[in-house]
Structure formats: C-alpha cells, structure tokens
Amino acid sequence: MVKRKIPITIVGNRALVFDLPDIKILREEYHVLGVLSGTLPVAPQQSIFLSVPLQLSIEEVLYLVAMGRAYLIHEKQVTHQFFETWTDEDTEKYLNKLWEGHKKDIKQKQREIFEKRHFFLQKTKKKQQRNKQKTEGLQSDIGKEEGISNHDLLAEESQKEIEVDSSNINLIFYKTEDSSRGLSNYDWLVEIIQHSDGFQRRMLFGYIKNHLINKYNGVVDVSHLEIDNLIYDTIDNAVAVGTAGVDLEKLRHRCDRLISSVRFIQSIHSRAETSQYYVLPGLKFGSKFVVYPGDPLRYHSHHIVNFFNWDEEIDLMRFVNGGRLAVGVKKLWVVSGIKPKEKIKDAESSSNSATEEIDGFINALFDGNGDKEVVNFSVEWAGFG
Amino acid sequence: MSKFNKKRLLSIYKNPLPIDLIYDNDITFVIPQVVAHNPVSWIFFASSYLKNCLEISGQLINNTGKVHQSIDNSSQKIVVKVSDHDVFKVEIEIGTPESDAIKLWKNGFFGKGILSRSEPTWYERTERRLHLKDQYSEKDLTSEEITALRRNERKKFKQLRESYENQQLELERQISAIIDRQKIVSTKKEMLEMENDLKRIQRELEDLKLLSQQNQDFRAFQSSHKVKLYEYAGPLRPDDNALIINDPTISDKDKRKLMQLEYLQLMPVEAFFLQLALDKVKVFPETTGSNELSTLELFQRCVDSYYSSTTPMSRLAGNEKFLLDYAVYHHYRSHGWCVRSGVKFGVDFLLYEKGPPISHAQYCLHVVENSGKNMEDFVEYSSLNRVIGGVRKTLVFVCVDVPSVSTFQKIMEKIAIEKDITEQQKLWKKLLNQYNITEMVYRRWVPSRNRD
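Treat the numbers as computed from the prediction; the structure is a model and nothing was measured. (Residues numbered from 1 in each chain as written. Chains lettered and ligands numbered in written order. Predicted model: local features only at pLDDT ≥ 70, side-chain atom pairs only at ≥ 80, totals over all residues. Heavy atoms only, no water.)

Peer 1: What am I meant to see in a nonpolar patch on the surface here?
Peer 2: All names here are of chain B. A cluster of nonpolar residues, Leu115, Ile245, Met259 and Leu261, forms a patch on the protein surface that exposes about 300 Å² of accessible area. The residue Ile245 is located in the loop between helix 8 (238–241) and strand 6 (263–266) in this model. Taking relative accessible area as the criterion, Ile245 reaches 40% and is therefore assigned partly exposed. (Patch = residues over 30% accessible without salt bridge, like charges linked within 9 Å, V, L, I, M, F, W, Y side chains within 5 Å. Areas by Shrake-Rupley, 256 points an atom, 1.4 Å probe, with all protein chains shown as cover. Salt bridge = Lys/Arg side-chain N within 4 Å of Asp/Glu carboxyl O. Helix = DSSP H or I, 4+ residues; strand = E, 2+ residues; numbered from the N terminus. Buried < 20%, exposed > 50% of the residue type's maximum accessible area, 1.4 Å probe, protein only.)

Peer 1: Is there a simple way to think about the sheet that holds strand 9 (residues 349–352) of chain B in this case?
Peer 2: Across a sheet, strands are paired by hydrogen bonds formed along the backbone, either parallel or antiparallel in direction. Residue and element names in this part refer to chain B. Taken in spatial order, the five strands line up as 8-9-10-11-12 in an open sheet, and their pairing is mixed. Two strands lie at the open edges of the sheet, namely strand 8 (338–341) and strand 12 (436–442), each paired on one side alone. The mean inter-strand angle of the sheet, taken between neighbouring strand axes irrespective of direction, is 30°. For strand 11 (residues 394–401) and strand 12, the ladder comprises seven bridges, and the chain directions are antiparallel. Looking at the pairing, Val400 lines up with Ile437 of strand 12. Relative to strand 10 (residues 363–369), helix 11 (residues 321–334) is tilted by about 140°, and along the sheet it contacts strand 8, strand 9, strand 10, strand 11 and strand 12. Where helix 12 (residues 379–390) meets the sheet, it contacts strand 10, strand 11 and strand 12, and its direction lies at approximately 135° from that of strand 11. (Pairing = 2+ DSSP bridges. Axes fitted to C-alpha atoms, helices over the stretch in contact; angles between N-to-C directions. Contact = heavy atoms within 4.5 Å.)

Peer 1: Sorry, what's going on with the interface of chain B and chain A here?
Peer 2: For an interface, size is often stated in terms of accessible area lost upon the parts coming together. Each partner contributes to the interface: chain B provides 18 residues, whereas chain A provides 18 residues. Between chain B and chain A, the buried area comes to about 1,500 Å², and carbon and sulfur atoms account for 53% of it. Along the contact surface separating chain B from chain A lie one salt bridge. Glu380 of chain B is paired through a salt bridge with Arg318 of chain A; the nearest N and O atoms lie 3.9 Å apart. Applying the counting rule to chain B against chain A returns four residue pairs in polar contact (both at pLDDT 80 or more). With seven residues, the top contributor of residues to the side of chain B that touches chain A is helix 12 of chain B. Taken together, the residues that form the side of chain B that touches chain A break down as seven nonpolar, four polar and seven charged. (Buried area = accessible area lost by both parts, 1.4 Å probe. Polar contact = N/O pair within 3.5 Å; in protein donor to acceptor, adjacent residues only side chain to side chain. Nonpolar A, V, L, I, M, F, W, Y, C, P; charged D, E, K, R; others polar.)

Peer 1: Would you take a moment to explain the UniProt feature "active site" (unreviewed entry) in chain B for this structure?
Peer 2: Residues and elements named next belong to chain B. The UniProt record annotates "active site" (unreviewed entry) at Tyr352, His360 and Lys393. Spatially, the listed residues are clustered: although they cover 42 residues, their C-alpha atoms lie within 10.8 Å of one another. Residue position: His360 is located in the loop between strand 9 and strand 10. Looking at His360, the relative accessible area reads 70%, which means it is exposed. When neighbours within four sequence positions are excluded, His360 is seen to be in contact with Tyr352 and Lys393. Within the fold, Lys393 resides in the loop between helix 12 and strand 11. (UniProt positions renumbered as here; feature names shortened; annotations may be inferred.)

Peer 1: Please explain the packing of helix 12 (residues 316–328) of chain A against helix 12 of chain B as it appears in this structure.
Peer 2: It is at 9 Å that the axes of helix 12 of chain A and helix 12 of chain B come closest, and there the two elements cross at 55°. Compared by their axis directions, helix 12 of chain A and helix 12 of chain B come out oblique. Here the hand of the crossing between helix 12 of chain A and helix 12 of chain B comes out left-handed. Residues Arg318, Asn321, Arg324 and Leu325 of chain A of helix 12 of chain A touch helix 12 of chain B, and the partners they reach there are Glu380, Ser383, Leu384, Arg386 and Val387 of chain B. Looking at side-chain class alone, the contact of helix 12 of chain A with helix 12 of chain B contains three nonpolar, two polar and four charged residues. (Parallel < 35°, antiparallel > 145°, perpendicular 65-115°, else oblique. Left-handed = near helix turned anticlockwise from the far one by under 90°.)

Peer 1: Hey, could you run me through a positive patch on the surface in this one?
Peer 2: On the surface, Lys123, Lys126, Lys127, Arg130 and Lys134 of chain A cluster together into a positively charged patch. Judged by relative accessible area, Lys126 of chain A falls into the exposed class, the value being 54%. (Lys, Arg positive; Asp, Glu negative; His and termini not counted. Charge placed at Lys NZ, Arg CZ, Asp CG, Glu CD.)

Peer 1: Explain the pattern of salt bridges here, please?
Peer 2: Oppositely charged side chains can form a pair if their charged atoms are brought close together. Residue and element names in this part refer to chain A. For the structure shown, the criterion picks out 20 salt bridges over all chains. Taking the shortest distance from any N to any O, the salt bridge between Glu373 and Arg263 comes out at 3.8 Å. Of this pair, Glu373 sits in the loop between helix 14 (354–365) and strand 10 (374–379) while Arg263 sits in helix 11 (residues 248–270); the two residues are 110 residues apart in sequence, bridging distant segments of the chain. The buried category is assigned to Glu373, whose relative accessible area is 11%. The exposure class of Arg263 is buried, given its relative accessible area of 3%.

Peer 1: Would you take a moment to explain the confidence of the model for chain B for this structure?
Peer 2: Should pLDDT be low for a region, the predicted coordinates there are not to be read in detail. All names here are of chain B. With 90% of its residues at a pLDDT of 70 or more, chain B shows a mean pLDDT of 84. Mean pLDDT across the elements of chain B ranges from a minimum in strand 2 (residues 67–69), with 47, to a maximum in strand 9, with 95. Residue range residues 64–72 is modelled with pLDDT below 50. Its contacts to residues more than four positions away, or to other chains, number 19 contacts. (pLDDT = per-residue confidence, 0-100.)

Peer 1: I keep staring at the pairing of strand 1 (residues 6–11) of chain A and nothing clicks. Help me out?
Peer 2: Here is the key point about a regular strand: its side chains alternate between the two faces of the sheet. Residues and elements named next belong to chain A. With five of six residues buried, strand 1 lies mostly within the body of the structure. In terms of strand pairing, strand 1 meets strand 5 (residues 70–74) through five bridges, oriented parallel. Each residue of the ladder has a partner; that of Ile6, found in strand 5, is Ala70. Linking strand 1 back to strand 2 (residues 14–17) in an antiparallel pair, the connection comprises two residues, with Gly12 at a positive phi of about 65°.

Peer 1: Help me understand the nonpolar core, please; the structure alone is not making it clear to me.
Peer 2: Nonpolar side chains in soluble globular proteins tend to end up buried together. In terms of nonpolar packing, the biggest core is built from 59 residues, with Ile8, Leu56, Leu62 and Leu64 of chain A touching the most fellow members. Looking at which domains feed residues into this core, each of domain 1 (6–82 + 185–239) and domain 3 (248–379) of chain A supplies at least three. Ranked by size, the runner-up nonpolar core spans 54 residues in total, among them Ala271, Leu276, Leu323 and Leu324 of chain B. (Core = buried A, V, L, I, M, F, W, Y, C linked by side-chain atoms within 4.5 Å. Domains from an automatic or database assignment.)

Structure below.
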C-alpha cells in the first residue's frame, strides 16, 4: 500500500504540520518529532503545554522530502488558489454539508435525551413494582386485573414523557472539521501541488535558499525571507532575490554541513540496528543533535552528535570540551561527516553561482544511496593518574 | 580545607611572583605586651605603637626605607631550555630544596611537572613507591598520593562492607537450611543439636551485624583502619629497575638513587613573561653550544610553537594567537591573578585567586580576537559553558583589540634594529600597549531557576 504523503506547510520560512493524524504518523512511523509550537496569544502556555502546529526543523523536512514521505505546501499560495477556485456552488455544498451535520447532531442529541429518560423511567418502574409486590404479599387476593391495568397505564405515561420536542433542542455550537480536508476543492488543489514536480522543486529551492543565505546574512527586510518571490516565478528569476554577492565558499560549507546532518538522520533510520532511534535538536548539549535509543519520553539520550565537513580542521580544544561534556552527562560524543566521492568534488568545483550550488544540493539530496557515505566517530575522555 | 592548613600553605607560597625583595632598613615593629588589668601597660602600649607608626610613616615619606627588587639577579637567573619542538623545559635538580623549578612553582605557580598533576612530584612519589625512602609523614604526601590513598581507602571500605554482607547472607542461608531440616527430623538428640547450631549461628550473625553497623561510616573506617599507600614491597619490576641509577660503587641497597625523568614544562606565554616582564630566565636552545636567546628570538620561537612550521617575522600580524594569549596572560598576571593553562576544561586559561594548592580556579578565560567578524556557530559556546558550569566556574570571554598590521610591523621592525636593551624594553611595552582587553562573562540564565 502506498502511504499517503504528509503535507508540510511552509509559513514564512517555518515548516509546520497542522493535522493531528499526520503528526501521529510522523512520530510513530517515521520517528520525526519536531517541536510543538501552537499557543493562543491571549493564553500563552509554557513550552511543555504547547499544541499544534508542529514545527519541523529544516533537516527533518529535507529528510522527509528526500525519502518521498512528504510534500511542501505554500500556505499563502494555497489560500490564494483556494479562494480563486471557490464557487457559489461550493459554498452551497459546504453549507448543506454543515446543515446535514447539524441535523445529525440534533438527532443524536434527541436520542441521548430519550435514552436518558427511558433509563430513568425503567428505574422508577422497577421500584414501583417492587413496592407493589410487597403490598401484594399483604393483600394477596385483591384484584389481579387491577394490577395489569395499572402497568399499562404506566407504560403509556412513560411513552408520552419520552417523546422529545426537537424544536426545544437548541445547539449553540456547530461542529466543523479541524482541517481543511473537508472542503470540496481541497483534494483537487493538493493533487496539483503534490504532483507538479516543478513546483515542488521550486518550493524546496526557496526553502533551502532562505535557510542557507538570507538567515545568515541577517536580512532585515522580512519580505526577502518569504518564499512568495519564488513561487510564481521560474528559478532563474527568483535567484535574483538575495543571492547576489553571496560568499560561495561559505555557502558550500553550509550546504555540506546541512547535507551531512540530513544524511545522518537518513542513515540512522535506514540502518536496522538504529531504526528505533530518535533524533532531536541538541542545543542544550551544545551540539547539533542528540540521539535517543527510543521515544524520548521513555529514554535518556545516548549520543551527542556534531557535524564537520570531511576535510575541515577541528580544534583539539573542541575534543577536550566534547569529551568532558559527554562524560559528565554519561553520553557519547559523536563526530559525524560524509566521505566525499571523487565525482561530487568535480561537480562542486564547477558550480560557480549560488543557484547551481543549491541545485546541486537538491540533486544530491535525492541521491538514494546517500546515507551509505555517512561516517561516525565517537570520542571518549580518558585520563591516567 | 581547614584554616590551619590554608595558613600553612599560604606561608609556603608567599610570593605571587618569583621576585626577591630586599629590605634595606628592616622595619622592626616592637610592641610590648598588654596586661588587661594593668592600665599602665595600656599607656605603654599606645605610646610605643604611635612611635612605631610615626617612624614608619616618616620612613615612607622620606623614602628612606627602600623596598625594591634586587638588581643583581643575573646570577640567579633560571635556565630554561627550549627543544626543537618548542617545548620549554626547566630541569628539576634533586636534593636542592630551592632548585630553579621548585622556585618557579612556589613563587607564582609557573609551569607543570610533565609526569605530575601540576606540581612536579614524580621523584618523591616514585621514591616512596619503590621503597627507596620509607621515612615520611602524612604531611609530606603529595596531592596525587592523597588522592590515591583516599581511593585505596574507599576501595578497602567497600570490600569490607561487601564481605560482611556476603557473610551475613551465608549465615542467613544456613539458618533457613536448619529450620527446613528441623521439620523433617524426628529424634530428640538431633533436634537438640540443631537447636544449638541455630543458636550459635544466630549469635554469629548478631556479632556480624554489629560489626557491619560499625562499618557503615567511612570516617570511622578511616580512623580504625590504617590503609597503606604502597603495599607492594617485593622485588622491583624490570621497568622499575631501569629507573635506578646503576652505580657500582654503591653496594648498600638502601642508598640506591633514582633517576630524574621529570622536568617542568612552561607554556610559551609563561616563558616569554618570565623573560620580558620579570627578566628572571635565560632561555637556551637545547642543542649544545648555543647562545642564550634574545627576547626577539624567544618571541619567534613562541610564535612558531603554535604552528607546525616557522612563520617569517615579516608575515606576522598583530592577531597572532600567541600575541593574543600573551596580552591576556600579562594582563591578568599584572593584576595579581595566578594564570594557568585551561586545556583540561577546553578553554585558554584558568584564573586562580592564589594558586592551585590553595583554592580552586574561579574563572575560565576564552580568548577571542575582537574583530568585526560575526560568529558562525553559537552552539560551540553553549557546549563550552555547559562543561564549565558543570565544574562551578565562570566562563569569561576575553576580547582582545589588536593593532593594525602596519602598526604592528612598524614596532616589530624597530625592535629588530634596536640594540639597547632598555630601549627595546620600552618598544615591547609600546607594542603591548596596543592591545586592549575587554571581559565579558557568559552565563546561562534560566528564568525559572535564577529567580531568587
């Protein structure tokens, strides 16, 4: 059975999942946790009590997309298209549906009230019968027929009482769907978004570009941070925004770091011995990720994972620091990276613009065998004396 | 640490720097005894106190009581050898109580014994371990030995506790076995025997319980059991034998001597500080027959020690890591702190208020160049702070403003031509004045935890 792809909504430059069943699938099947981020502005909660939407990190998004388990939705554009394709007929259909639902609700309510009363009447009847039996014991022979007629009377009475006037039921609340899935043109819209490859790629490009370039360059103008500029355009036009004057060296560095962390998640989930593992952001341990041997609600993490590029120099002080840190919290400090293929190196050296770089990045992302290149080393602290 | 112990340590490590002070006029401060019930003694005390005070202040005003650094210290200069791999070594002489290395350690805690935790104690420890010297008191023990002893004691304590527990279990097992058997036997004689056995074992168990109860407290164990640090006293292992100087003239077993393998290693900043700021050392290359290094040559060696190859002087800039480190080192040394390497915590330096034996380090210094470059990775600092927070120290970012390349090169060129030593000193001072230091404390702040 082909699993349903999960829609990831891009709002601003954040990747969000709104649907509760989707979040369940992410957690239970794909071991992607994300961070719950929803709250009401009037009643802000502490971070442990937050609710949907679930916010995903870029690594998680790229992992899911690369594995073909999710697709991206541009929130603004979907809303826009939704209203564009929405007809009066749709409105009528929707209202009818709502009304049907409402009627159903009323019937449900009616039945509930009926059952309640019925139950109550049954109880009182039994009581009366019991009382009668007691009195019958005393005056044994007095009119059996009377008793029967008495019983009939009671039943009649109860029937009358049970009938519920539907006009008296006043439901204030209408139940609506908690996702837009029920809307009539939703399926059709999603179909388009999901299966138009060019569009998915443009979304991905915009999302990655914003993460790699605009975020680091400290772009103050917020409009640059949004993907809008990329959606309706071709890639070539969109590149003009924000990519001029980018330090290619740095960009490549960030690309490599990003891909190694995505690959790491991929490798964790694809290898049999670590398939039960969960990966969470590791800022509290001063690293990129912490890895749990099972659901983080049940286990402590075992590994602190850092990423370095293959030929990057690492200060020995970092090792001292990492080793000490890991021992202090009884974990293992892991250094992870990707062993480069010769071919990739050639391709890298030929890219001479930010667009090509990111394009190459996306191509590399969909290379199915990528997770086999991941190399991990663990560092432990040892001392004598 | 007890107050007495601290006082004793402070009397050993009196000077914050290896500078000998010579007092021209010894200021004597004679105060007569005060007898509480004798008012005359009060008056006598007050008058002599005032007199003394006046005398001292007069001396200070007239500048007659001169306190200054001894000038003639060329003979006392400490010899530092620098190896081809830029390791700065100070030899530790045996038998002399105030050898150069010990002097450097005692006055300001310079360097580290390469085979010890920090104070060079390898020789003493090994002497005791090999039973070449068996007369020593508990006071002589080095910090490494104290740690080892404590670990030994704890190990023994746990072993004893475990053995008690095992014995107890065994006795309980026996009792239950007897009770089980009692159900089967029928003759009265056997019954009686068993009853006796049971009583005997129960008594043993009581005794054992009492013993193990006494052994619950580690302190009590410490006072009642004398744990030896070096228990093994058999023949020497071949690798230990190799440590002993092979001298055919000494036949007596007790007079064998140990080789000194340890030396005191100085950080490049320490060596340079001792040379430039205190003029206390002479640095020689380890190859025989070489001349003493000039300050400039030493500087070059120090800079090179940070890299695997030599950098020519003309290519140096003001933001060399050695220079940043040195500026920071000099800054805190001149403020009276004891600065030591912080490599064990993953930082550049540690700041001790007095020194390692007296108190723990309070601050960890992370040296950064104060350039406009933005930080790429803040996660690294988070991990640094977690480690330092874990050992209850404070992380301080020391931001150093560096001179421009042209200013730096100009001064360096002048230093290179200058022959006069005092003039050169002034130029070095000018160079150091180009560096500014700003401190910034980095701390984790959690609103829910740090409210009070």
